Amino acid sequence: MAGVGSYLKKHTEALVKDVGIEPACELTGKSKATLGRYYSDSEEHADRFMPVDAVAALEAAASYPHVTSALAELRGITMSYDDATRNSAGGINSDVIMLSQRFAVLMGEYNQSIEDGIITVNEAKRLLRETTALQKVLIEMKLHLEEEST
């Protein structure tokens, strides 16, 4: 459970930072300190996790459902966005171009990160950010392909 807890805390932190700490406090009714405890990797806060209603409130304001996505990934579930919330501009050709660009950026980040043989925490965060962006493009591509197949 320790690995899962750490994984969820990292995604909780990404969610709070996506929304911004001040807006997150307003949306959840929680203090900065309380929000910090939800993603703290300190042993004393290892069993503290953000309540589901707070996650839902933050994900409604976030650019990406970080915690929901993490939970889905832990169960091997693939998520799709609702048509009402996605950007349907472009099509499959735009998706392929965007996918190529994002993958190139990810590989560039990886190459730079692994250069010294060690991936630092900051490098891992950058790789995670690029991987998440790539995942978003893949979801858009999947939805465009589903539209074309019906």
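What counts and what doesn't
The numbering scheme is per chain: residues are counted from 1 as the chain's sequence reads. pLDDT decides what is reported in this predicted model: residues at 70 or higher carry local features, side-chain atom pairs at 80 or more are listed and counted, and totals for whole chains, interfaces and linings draw on all residues regardless. As a rule here, side-chain values come from all non-hydrogen atoms in the structure, and water together with hydrogens is ignored. Numbering of helices and strands runs from the N terminus, with a helix taken as a DSSP run of H or I at least four residues long and a strand as a DSSP run of E at least two residues long. For every residue, the accessible area (1.4 Å probe, protein chains only) is compared with the maximum for its type, and the residue is labelled buried under 20%, exposed over 50%, or partly exposed between those bounds. Only buried residues count toward a nonpolar core, which is a set of Ala, Val, Leu, Ile, Met, Phe, Trp, Tyr and Cys residues joined through side-chain atoms within 4.5 Å. Note on contacts: a residue pair qualifies if any of its non-hydrogen atoms lie within 4.5 Å across the two residues. For this analysis, a ring pair means two rings from Phe, Tyr or Trp (six-membered ring only for Trp) whose centres lie within 6.5 Å, classed as stacked if their planes differ by under 30 degrees, edge-to-face if by over 60, and tilted for the remaining angles. The rule for a charge over a ring is simple: NZ of Lys or CZ of Arg within 6 Å of the ring centre, and within 35 degrees of the ring normal. Here an angle of 0 to 180 degrees is reported between the N-to-C directions of two axes, which are lines fitted to C-alpha atoms, with helices fitted over the stretch in contact. Angles below 35 degrees are treated as roughly parallel, those above 145 as roughly antiparallel, those between 65 and 115 as roughly perpendicular, and all remaining angles as oblique. Working rule for handedness: look at the near helix, and if it is turned counterclockwise from the far one by less than a right angle, call the crossing left-handed; if clockwise, right-handed.

Moving on, we get to the overall build of the protein chain. Assigned secondary structure in the protein chain consists of seven helices and zero strands. Along the chain direction, N to C, the helices and strands of the protein chain fall in the order α-α-α-α-α-α-α. For the protein chain, the spread of C-alpha atoms along the three principal axes comes to 50 × 45 × 30 Å. Evaluated residue by residue, the protein chain yields a buried proportion of 35% over its 150 residues.

Structurally, the position occupied by Val96 is in helix H6 (residues 92-114). Through-space distance from the C-alpha of Val96 to that of His144 is 11 Å; in sequence the pair is 48 residues apart.

Time to look at the nonpolar core. One finds Leu15, Val16, Ala24, Leu35, Met50 and Leu58 to be the most contacted residues of the largest nonpolar core, which totals 14 residues. Setting aside residues no more than four positions away along its own chain, Ala24 makes contact with Val16, Val19, Leu35 and Leu58.

Turning to the packing of aromatic side chains, a few remarks are in order. Evaluated as defined, the whole model comprises zero aromatic pairs. The lysine or arginine in question, Lys9, covers the ring of Phe49, its NZ or CZ lying 4.9 Å from the ring centre.

Turning to the packing of helix H2 (residues 21-28) against helix H4 (residues 52-61), a few remarks are in order. The description of two helices packed together rests on the angle between their axes and the distance between the axes. The N-to-C vectors of H2 and H4 enclose an angle of 130 degrees; their axes lie 9 Å apart at closest approach. Compared by their axis directions, H2 and H4 come out oblique. As H2 packs across H4, the resulting crossing turns out to be right-handed. Contact residues: Ala24, Leu27 and Thr28 in H2; Ala54, Ala57, Leu58 and Ala61 in H4.

Attention now moves to the side chain of Ser40. The topology assignment puts Ser40 in the loop between helix H3 (32-39) and H4. Exposure remark for Ser40: the relative accessible area of 17% places this residue in the buried category. Sequence-distant contacts of Ser40, defined by excluding residues within four places in its chain, comprise Lys9 and His45.

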